[in-house]
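Architecture at a glance
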2 protein chains.
Amino acid sequence: LTASFACPPGFLDRLDSFSEIGSTGDGGVDRVEASPANGLARRELARRMEAAGCEVRVDGIGNMFGLMPLAQQTAGQDAPWVFAGSHIDSQPKGGRLDGAYGVLAAVEAAGTLRDRLNGQKPRANLGVVAWTSEEGARFQPSLLGSSVHAGILPLEQALARKDGSGVSVADALDAIGFRGTQEAPKPAAYVELHVECAPELERSGTRLGVFDRWWGAHKLELLFSGATAHTGPTPMAMRKDALLAAAEVITGLRRLADAAPAGALHTSVGRLEVLPNSPNVVPDQAKLFVEIRSADAGVMADAHARLLELIPYAAAIARVTHRIVRDEYRAPGAFAPGLRDLARATAAEFGQTPQGLETIAAHDAMPMARICPSVVVAVPSRDGLCHSPREWTEPADLELGVAWLGAMLERLVLDGPPVS
Amino acid sequence: LTASFACPPGFLDRLDSFSEIGSTGDGGVDRVEASPANGLARRELARRMEAAGCEVRVDGIGNMFGLMPLAQQTAGQDAPWVFAGSHIDSQPKGGRLDGAYGVLAAVEAAGTLRDRLNGQKPRANLGVVAWTSEEGARFQPSLLGSSVHAGILPLEQALARKDGSGVSVADALDAIGFRGTQEAPKPAAYVELHVECAPELERSGTRLGVFDRWWGAHKLELLFSGATAHTGPTPMAMRKDALLAAAEVITGLRRLADAAPAGALHTSVGRLEVLPNSPNVVPDQAKLFVEIRSADAGVMADAHARLLELIPYAAAIARVTHRIVRDEYRAPGAFAPGLRDLARATAAEFGQTPQGLETIAAHDAMPMARICPSVVVAVPSRDGLCHSPREWTEPADLELGVAWLGAMLERLVLDGPPVS
């Protein structure tokens, strides 16, 4: 190879046109998993995968694979697969880059790579993938499709998960025609390009980042149950106010984060369901979705223990009962050293020295790391924003990211996946 | 009159059969204003009004009147009207007595009274009324229909109020066929029989209550606006979390009530709308429905002032902006002395001495008190519960209440309404 890998001309325009699917009119997109807009985006992605020369497959959880068996002639039927991808579902008021950028970059890098391989002998096949329901906005847990592919979550359990209206993943995928029946190979390496979703690269003025580690997370679903009563005459001391208990948890949880060393602990309540939610009825039910995140397993264990004290305290104040419906733990971990080295080596070809980062957001590369060497690489997010219509990355950085991903995939396809 | 007024036989069965409309299966009803179940209940009420000998009219805001022009022959076209009634809309998880008991009692008392008047010369006509949207569960403010009839709220403004889904009162009433065009007379006296919705009668072992005064109320709608962001990587100090601000108000408001003398101040947040309400997105919007109630105008003014300090404090903690969308005030007041005396005098015919009460819950008699002498009389609520499927009043007390209401109406129809 003489010329270094370049972003295909027109990539930014094609990214823009993809962002029109599910556009919220303010720069953002609403492509929540298995929504009509998500279905349209999936159809457009299939079209683009085919145009890039991929064979499109959809598996039982709706993961979309664009397969390019580059090495089967030279390395045989058992040639390993290198995967690149991300997700195209979004938050309800999501941004246009989170996920979709990495998928489209992988599709375009694959198409370009195919053309560059003329006469060479690849050791690995290439696959592009868009994982189902990464965001966890409509269905919990997040990382649903990649967790099924990695064998962490049984397919039947994943299909049975329900949204807030009681619609299952299975029915929702059927409704958009994307509950597939096809098999896909397991990769021997997985590379995910993503916008950073944090302000570190912008702060240091660095254009590329390599995630070395990921933060751990506790994700809990809490239910407080009281009794409906009239907000007027019911004596304050007799009320069993589920919303009050929820509010005590929300404020108490924030104080936990404020009391920790700066940046060591992130806490949040993003979703709160209140019933009956009438202005003059004491709420008898409040369901909270709580998150605790840290890079330090000790800090997280301590915060989790304090939360478990806070919950009955809040319930007692509000005279309600409490129940922990779900308490999921993801341990902190490290991405593959071989892929992190490769990312740094290829970045040098573009004159860049990537910054080492820790990802606090979850990525599909985390479940994939359970079955193969995996890594997430990043371009900057302005103001660190993700899950917002105000997501923004400089166009030149978006193009640089595509080229960098292409260069990495070229090395992986030609040399074969690393051992770790 | 020789025999004292008696509850019509079978009243309890007919109350039970009415409770089947919109039944929630747990003893409660869901007949939120202009819902399909509410439409069914309205049709059944019209049928019962006609069976009792009333002419049914529906006005522009959906109030249902059952008119019995008893005095027109003896006292002429300008004979005054005595009204009795309440409401048949309910909370989403409401009880079967709140409102419906008073309406059905009035219908049955009117039917019985008509039969007892044989040969006597009434000075007043009798009207039974079911007011639209007393509860304020779906449309705010509460007391909508009676406020329109009392001239406090212009009809067009009331029809334009929208529910959480953007459906107007006008469209909702049209959908169930109960936006009427008929006129109804203004009453010269209004009597409302209601379950107490508080525990005072039960505590004192008294079977009947007369509300002498009503508490005042501030009802506010607050909006906090922040910015969506990823709950993971976004540094805690950069978050603009609208739900956190809401939680600070909910807990702070409760502390205000706890700090006041026992029973002097009631505060609540019954409804909270969170957007986008996704588990891993910092909420950018939270709308709260806040209530402050007291019998003492000074206590309420002080609590209101402290709330107005709490709102910007909560906004500052959460780094969000705040807006007071609505701040409605209802001053405390007193019911008509003449009707309160009449209620006590007729109760004596049944061997009862009613307890004097203050109503903290709003009733349609409060707007009506602006145009004519009005009163609310009550039977006990077990555990003080209202707005709950667990509402309960002893059957014998329900029957006693109907007889008492009938006796009051008989006196009012024969003697004419009081001056005050």
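Residues numbered from 1 in each chain as written. Chains lettered and ligands numbered in written order. Predicted model: local features only at pLDDT ≥ 70, side-chain atom pairs only at ≥ 80, totals over all residues. Heavy atoms only, no water.

Before going further, it helps to spend a moment on the interface of chain A and chain B. Listed by partner, the interface residues are 63 residues for chain A and 63 residues for chain B. The interface formed by chain A and chain B holds four salt bridges in total. In this structure, Lys-93 of chain A engages Asp-284 of chain B in a salt bridge whose closest nitrogen and oxygen atoms are separated by 3.0 Å. Contributing elements (two or more residues each) for the side of chain A that touches chain B: helix H9 (242–259), strand E8 (266–275) and strand E9 (285–294) of chain A. Across the side of chain A that touches chain B, the residue classes break down as 31 nonpolar, 18 polar and 14 charged. (Contact = heavy atoms within 4.5 Å. Salt bridge = Lys/Arg side-chain N within 4 Å of Asp/Glu carboxyl O. Helix = DSSP H or I, 4+ residues; strand = E, 2+ residues; numbered from the N terminus. Nonpolar A, V, L, I, M, F, W, Y, C, P; charged D, E, K, R; others polar.)

What follows concerns the packing of aromatic side chains. A full pass over the atoms with the stated rule returns twelve aromatic pairs over all chains. The interplanar angle of 90° and the centroid separation of 5.9 Å between the aromatic rings of Phe-65 of chain B and Trp-131 of chain B together place this pair among those described as edge-to-face. Here the residue Phe-65 of chain B occupies a position in strand E2 (residues 64–68), and Trp-131 of chain B occupies one in the loop between strand E4 (125–130) and helix H5 (144–149), the gap between them amounting to 66 residues. The exposure classification of Phe-65 of chain B matches that of Trp-131 of chain B, with both residues buried. Through successive ring pairs, a cluster of aromatic residues spans Phe-65, Trp-81, Phe-83, Trp-131 and Tyr-190 of chain A. (Phe/Tyr/Trp six-rings, centres within 6.5 Å; stacked < 30°, edge-to-face > 60°. Buried < 20%, exposed > 50% of the residue type's maximum accessible area, 1.4 Å probe, protein only.)

All right, on to the environment of Gly-136 of chain B then. Its location among the elements puts Gly-136 of chain B in the loop between E4 and H5. You can call Gly-136 of chain B buried: its relative accessible area is 3%. Contact partners of Gly-136 of chain B, with chain neighbours within four places excluded, come to Pro-279 of chain A together with Asp-89 and Ser-142 of chain B.

All names here are of chain B. Running from N to C, helix H1 (residues 11–19) and helix H4 (residues 100–116) point in directions that differ by 135°, and their axes come no closer than 11 Å. Here H4 runs oblique to H1, going by the angle between their axes. The chirality of how H1 crosses H4 is right-handed. Where H1 abuts H4, its residues Phe-11, Arg-14, Leu-15 and Phe-18 lie against Ala-100, Tyr-101, Leu-104, Ala-105 and Glu-108. Classifying every residue of the contact of H1 with H4 gives seven nonpolar, no polar and two charged. (Axes fitted to C-alpha atoms, helices over the stretch in contact; angles between N-to-C directions. Parallel < 35°, antiparallel > 145°, perpendicular 65-115°, else oblique. Left-handed = near helix turned anticlockwise from the far one by under 90°.)

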